[in-house]
Amino acid sequence: MIEKSKPPAQLPPGIAVDGSGELARRTHAEPPHAYRSPFARDSARILHARSFRRLAGKTQVFARLASDPPGDHFRSRLTHTLEVAQISRTLAHALGLNTELAEALALAHDIGHPPFGHAGERALDQALAAHGLGFDHNLHALRIVTWFEERYAAFRGLNLTVAVREGIIKHSRDYSATEYPELTEYFLDLRPPLEAQLIDLADEIAYLTADLDDGLDSGILSLEQVREGVALFRPFHDEVLRLYPAAPPKLTVNEALRRVLNALVTDLMNQVRTRVAALGATTLDEIRLAPERLAVLSPAMEADRAAAKQFLYVNFYNSPAMEEAHGHATKIVEGLFAALLADPGLLPEDHRAQIPTEGLTRTVADYIAGMTDSYIEQVWMRCGGR
Ligand code: MG
């Protein structure tokens, strides 16, 4: 049963990021808006950015190519992003955190992803590794919002608040100041605020449930296989079968998955509340100085989540059914990378202008990383690829 628990008490108000404080500072000072908070403005800036719109054409699991998806309703990286934003808003609201900041971070969390999902990211990272470089989608997202987006006459980038820029890089991992001296502005020795910590798990919860849905809907996963292999799914599905014995299988899946999602979100919310209380924290500074991140699932739920993720890797993401698409992605990313490196004249003017400061290799990677699935195909064809 979905537990009819009472809503969790909100966290002490001093823990939420304050929209009028130091974290709302922008690199280029701007007058405050008459009726919008700095983080609401950041959310809107991300939503109106080109890189955000391009998420519609980027793979979440299935490529966004006319020939490829087994249907037109499977998630793209854009619809995945909107699902993460919905979950993040719910969590932040229920915990009394800054919902506008959480939403801005959720909307930005995947804008650094290259075309063709993880296969594309792996191919790009490997192409860069041959030149002693690497691809990190969090750092690429930071470069997008601080440089590649051009919408203002007075500066490059979106001039986002420091809280949003910090959250963009730190939502899923920490960076050491010795390894990344260029990031010292982002309080690398401190934990990110809870609004940023929540995004990583909101992302995990969103794609875990969505990918079970899309995996089943595509026919790559069978209901029997998910019931057998996903301990998190089966008890909820059993409950639905008891409640609605005549329901079509598709609806029993939907009913079970929304229970799974609710259970994960509720567990996360309760854990955050419990861990903040155990720490005795009442201020953001205490969250930042905590020995570890506080936005985590309970050990039992975390084990179920990890096992479900493992199931998806083996049976869906890396299944034989996906092999052809991954091979196609790798071939195009590798091929285009080599072609552009060999003939930088193929790069558009504004990207060529980056070569003196960024170097040719990084410039090529930046150009490729910005592309949608169909655009990289077009460029690849234009460059003579087959
Ligand atoms: Mg994501």
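Each chain carries its own residue numbering, running from 1 in the direction its sequence is written. Note on the predicted model: pLDDT of at least 70 is required for a residue's local features to be given, and 80 or more for side-chain atom pairs to be given and counted; whole-chain, interface and lining totals, by contrast, use all residues. Hydrogen atoms and water are omitted, and side-chain values are computed over all heavy atoms in the structure.

1. Let's talk about the overall build of the chain
Right, so step 1: For the chain, the count of helices and strands is 18 helices and zero strands.
Right, so step 2: It is over C-alpha atoms that the radius of gyration is taken, and the globule rule equals 2.2 Å times the number of residues to the power 0.38. Whereas a compact globule of 386 residues would reach a radius of gyration of roughly 21 Å, the chain reaches 22 Å, a difference of no more than 12%.
Right, so step 3: With the C-alpha coordinates of the chain rotated into their principal frame, the extents come out at 65 × 50 × 40 Å.
Right, so step 4: For every residue, the accessible area obtained with a 1.4 Å probe (protein chains only) is divided by the maximum for its type, and the residue is called buried under 20%, exposed over 50%, and partly exposed between those limits. Burial statistics for the chain: of 386 residues in total, 51% are counted as buried.
Right, so step 5: Relative to all contacts within the chain whose residues are 6 or more apart in sequence, the contacts with residues 24 or more apart total 70%.
Right, so step 6: Summed over all atoms, the accessible surface of the chain reaches about 17,400 Å², with 55% contributed by carbon and sulfur.
Right, so step 7: Where the 40 positive side-chain charges of the chain centre and where its 51 negative ones centre are 3 Å apart. Every helix listed is a DSSP run of H or I at least four residues long, and every strand listed is a run of E at least two residues long, numbered separately from the N terminus. Contacts are residue-level and defined by heavy atoms, with any inter-residue pair within 4.5 Å sufficient. To measure how exposed things are, a 1.4 Å probe is used in the Shrake-Rupley method; for residues, cover is taken only from the protein chains shown. Asp and Glu are treated as the negative residues and Lys and Arg as the positive ones, with His and the ends of the chain left uncounted. Charge positions come from single atoms, namely NZ of Lys, CZ of Arg, CG of Asp or CD of Glu.

2. Quick word on helix α17 (residues 360-369)
A turn of α-helix holds 3.6 residues, and therefore any two residues three or four places apart point the same way.
Right, so step 1: Here α17 lies mainly inside the structure; nine of its ten residues are buried.
Right, so step 2: Those residues of α17 that fall on the buried side of the exposure criterion are Thr361, Arg362, Thr363, Val364, Ala365, Asp366, Tyr367, Ile368 and Ala369.
Right, so step 3: Contacts made by the buried residues of α17 are with α5 (117-129), α6 (137-148), α14 (320-342), α15 (349-352), α16 (355-358) and α18 (373-382).

3. Focus: the coordination of the magnesium ion
Note on metal sites: the ideal angle is 109.5 degrees for four tetrahedral donors, and 90 or 180 degrees for six octahedral donors.
Right, so step 1: Counted as donors are N, O and S atoms no farther than 2.8 Å from the metal, or 3.2 Å for Na, K and Ca; water is not among the atoms, and sites may therefore look incomplete. Around the magnesium ion, the protein contributes the donor atoms His80 (NE2), His109 (NE2), Asp110 (OD) and Asp203 (OD), which lie 2.2 to 2.5 Å from the metal centre.
Right, so step 2: Relative accessible area serves as the criterion here: at 3%, His109 is assigned to the buried category.
Right, so step 3: By relative accessible area, Asp203 is classed as buried at 13%.

4. A closer look at unusual backbone geometry
Right, so step 1: With a phi close to 65 degrees, Phe116 is a non-glycine residue in the positive phi region.
Right, so step 2: Note on placement: Phe116 falls in the loop between α4 (99-108) and α5.
Right, so step 3: Of note in this structure, Asn159 is not a glycine but carries a positive phi near 50 degrees.
Right, so step 4: Residue placement: Asn159 occurs in the loop between α6 and α7 (162-170).
Right, so step 5: A relative accessible area of 5% means that Asn159 is categorised as buried.

5. Re the side chain of Asp373
Right, so step 1: Relative to the assigned elements, Asp373 resides in helix α18.
Right, so step 2: Discounting residues that sit within four places of it in the chain, Asp373 has contacts with Gly57, Lys58, Thr59, Ala63, Arg64, Leu65, Pro115 and Phe116.

6. Concerning the pattern of salt bridges
Right, so step 1: Salt bridges are identified by distance alone: a Lys or Arg side-chain nitrogen within 4 Å of an Asp or Glu carboxyl oxygen. For the structure shown, the criterion picks out 28 salt bridges.
Right, so step 2: The partner of Arg75 in a salt bridge is Asp213, and the shortest N-O contact between them spans 3.0 Å. With Arg75 in the loop between α2 (50-53) and α3 (77-95) and Asp213 in helix α8 (residues 194-218), this pair connects stretches of sequence that are 138 residues apart. The residues Arg75 and Asp213 share a single accessibility class, namely buried.

Don't take any of this as a statement about function, it's just geometry.
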